Structure formats: C-alpha cells, structure tokens
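Observations on chain architecture
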Amino acid sequence: MTGTPLRPRLLLADARGRIFDDPGLLMLCRRGHEWALPRPDELMPLPPESELFLLPGRHAVGLDPESGETVALDELAVAAFVAPAHTLTGHPVYTRDDNAPTLPLFAYGAVGMIGDRFYVCAKKVDEDPRQVFRGISSKKVEKAARALMARFPRNRLMQHLMANCVLRYACPAARNLCLGRYEAPLPVSHVCNARCVGCISRKNEDSTICATPQDRLTFTPSVDELVEVMLYHQSNEPAPIYSFGQGCEGEPLTEARLLADTVRSFRARGGRGTVNLNTNASMPDAVAELAEAGLSSLRVSLNSARPDVYLRYYRPRGFSFAEVRRSIREASDRGVFVSLNLLYFPGVTDCEEEIAALTELITTCGVSFIQLRNLNIDPELYLTLLTDLPFGPSTGLGNFRKRLRKACPGLRFGYFNPAVDEDGGTNGTGRAARPTREQ
C-alpha cells in the first residue's frame, strides 16, 4: 500500500452486537469538537491485546467519498480500546441518543477496516513489552498468584494483590509481580484528596458513570508488609521498579509518613532499584521528605498544565495547582527523576494553549519525561466539563511531540515508568540515574 493514502472503511454494529464494515463509507475520527478523516500519520493496525467496544445509544457516522457528506446510520458506533504502550490520536464519530448512558471509564479510539484488518487512530509510544502477556497462559499466572498467597499468608498486601488484583481484575502490574518481572505495584491508601471526574476506583456521588472498573483498597498496609513485597520482587527482577500509587487506591501521599518510613526501611535493608511514586503531587513537603528518604522517581498525574483545565477534572480538596508545581520542584531539586503522567485527550491536549502551558511547566519545574497515557472517560462528558474554556485547533499527536521536543531539549516520551536507579539511592552521584534507552 506504499504511496496509497490509508482510508479505512467505517465500522458499525447491528442490534445483535455483530461488527461489520460499510464498504461505501469511510471512517471519520474526532479530535475535540472536530470531525475529520484521520491524518496519514495517525493510523496503525489495531495492536494485539486491544479490544473492540460497542457504544450504546450512539450511532455510527461515516463519510461518503463521492459526495463528501457525512452519513449518520441507525447501526451502533464501534470503538477500540488500545493495548498499553499506545496513545490514541482520535475518538470515534457518532450521533448520540438523548437518553444514551454515560460511557464506562475506558479510552475510546476511532477504528475502521482496510482490507481484512482493523486500523485504529493511535501511535505506539513505548517499545517496552512490560504489559504484553502473549504466550503466557492464564493458568500459569493463576498458579503463580496462588503460590504467593500460600507463601505470604499473613501479608495482607500480597493477599490483596494476588486475590483481588490478579485473580479478579487481571491487573497487568500485579500479574507482573506474580511473574517476578518489571514493576511491582504497592497500593497504600484507601482515601483521596481529589474527586477526579474519571476516578477508576470510587464513584463520586454526583457521577453519571454507571460503575468504576475496580474497587478500592480497604486497609492500610504496614511498613513490614510493604518491604516484604519489595524484597521479594527484588529477588526476581534484576532492574526492579516499585510503585506506590495504583488504580485500586486513593492518593498515596495521604499516607506520607508510611511511605517515608517504608522507603527508609527498604533502603536500610539493602533495597535496590527504582522506588517510584505515582501521585497527584498535592503535598510538597511530603514529596521533599520522600526524596530525602530515598525515592528515585516521581510520576505526577495531569490532564493539563493549565490550572482551569486541571481543576475541572481533578476537583482537588485542600490543595491547588500551585502545590502540584511546587511538589515537582521539590523532587527535581533533590535529584528525583520526574515524569508527567499526561492524560492525553485528542483535540484538547494537543492544542496551542495546552502546548504553551506544558512547555512552561516542564522548563520551569524540571520535568524529564512524559508518559502519554490515554484519558479514560466518555469523550462528550470531558468536553462538557471544558465547555467555556478556550482551545485552539488540534496539532495532532505527532506535532505535539515535535513541538515539545524542540521547546524542551532532553525531554523524552514513553508510556511506562522507566527504571532510573538500579543501585538504590542516587548511585553516589547526588542525582538519580537517567534512562539510557530513547523512548
């Protein structure tokens, strides 16, 4: 197909849930409020381990290539949920019934067909196979999880990670722990100091979302339980990563004392590897203490570097965006490797106003890495939150990255937390080690 524009056919589904393509209509994609044909650089074959979703109460819309007109159909719209390490570049186009339910908390990619293959609006942004499980049977994972439950019968955290996260939700991070590889999850908190519109572990009272994808942790693990899990993981993985802050918990900084004591205890017992904190960065003083205790990396979740956009989604309680900025500075000034967990939304994140705000934050506060994660939310719900805020035209994901790389020399992109500290502490240099592989 060299030299031929990629023009996927529209996908749709009938009332029985059967998915098929319309040979006479082209797939459209949505970036913010804009409907358009996908750009040539934003399409790729649907990655393995992705899924297709039917969108209830939403009807497929395609483009008639002869007339140039959009055509709304009775059949349901179809979307793709892409495998980890991929970032969406466009959402599906559809018309919506007045009584259509709010979509569950997933990311919805525009998807069509070329020949006999599905194509999705997305880009692979990380080559790390960390969450690829092809060739690993579910029986092997289940056997390993049950073996760990038997080995650590009194460790509540290990029991939670295996019984709840692996066996109930098939959490990729917890599965990796039981397979003895990559990054170990360390949830610690059952409370939060924000009310994110797209919270995946607790439904807010005013939410129209039918349910959250998972339930939140119900206990607070002890230092000994946490360190025991960390030392076990260290014994299996040569370049271990340990991450506080998981989808099954609230905000880990609400347990700041527990985190600091755990990091100190782990380091005192010869603990090596990258100790990472996934956080909303709401408590600068706690971040500073963790950095002094031996934290290696800090991943700060953001939907935007513009305070008004940030506040609409995160709805913080007791902190402001100014505290988030100060936390980043407290970490980077102490040699902690700082990433942004940027919740990317096509047509919003890649507009001029957002790029300018991100550039200022990165250069002023000391950010080294951007993890391009998809914002899991009903696209229309998110756009409604931002109705009266200014957003210019979409630049597209490719231009978004080019613009930031040019404005912020040395900035890298990926999807997963990189291993930045294999020896523990700061490798004797006074600063945490940096990734050596280009992301």
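Residues numbered from 1 in each chain as written. Predicted model: local features only at pLDDT ≥ 70, side-chain atom pairs only at ≥ 80, totals over all residues. Heavy atoms only, no water.

1. Notes on the pattern of salt bridges
Taken as a whole and assessed by the stated rule, the structure comprises 24 salt bridges. The salt bridge partner of D333 is R329, with a shortest N-O separation of 3.6 Å. Of this pair, D333 and R329 are both found in helix α8 (residues 321-333), 4 residues apart, which corresponds to roughly one turn of the helix. Linked by salt bridges that have partners in common, D285, E292, R326, E330 and R334 make up one network. (Salt bridge = Lys/Arg side-chain N within 4 Å of Asp/Glu carboxyl O. Helix = DSSP H or I, 4+ residues; strand = E, 2+ residues; numbered from the N terminus.)

2. Observations concerning the packing of helix α4 (residues 223-234) against helix α5 (residues 256-268)
Across the interface, α4 lies against α5 with an axial gap of 9 Å and an inter-helix angle of 45 degrees. By the angle class used here, α4 and α5 are oblique. Both α4 and α5 take part in a crossing whose hand is right-handed. Contacts between α4 and α5 involve V223, L226, V227, M230, L231 and Q234 from the first element and L258, D261, T262, S265 and F266 from the second. Along the lines of polarity and charge, the residues of the contact of α4 with α5 split into 7 nonpolar, 3 polar and 1 charged. (Axes fitted to C-alpha atoms, helices over the stretch in contact; angles between N-to-C directions. Parallel < 35°, antiparallel > 145°, perpendicular 65-115°, else oblique. Left-handed = near helix turned anticlockwise from the far one by under 90°. Contact = heavy atoms within 4.5 Å. Nonpolar A, V, L, I, M, F, W, Y, C, P; charged D, E, K, R; others polar.)

3. A look at the sheet that holds strand β4 (residues 34-36)
The antiparallel open sheet is built from 3 strands, whose spatial order is β4-β3-β9. Among the strands making up the open sheet, the edge pair consists of β4 and β9 (91-92). Across 3 bridges, the pairing between strand β3 (residues 29-31) and β4 is antiparallel. Each bridged residue has a counterpart across the sheet, and for R30 the counterpart in β4 is W35. (Pairing = 2+ DSSP bridges.)

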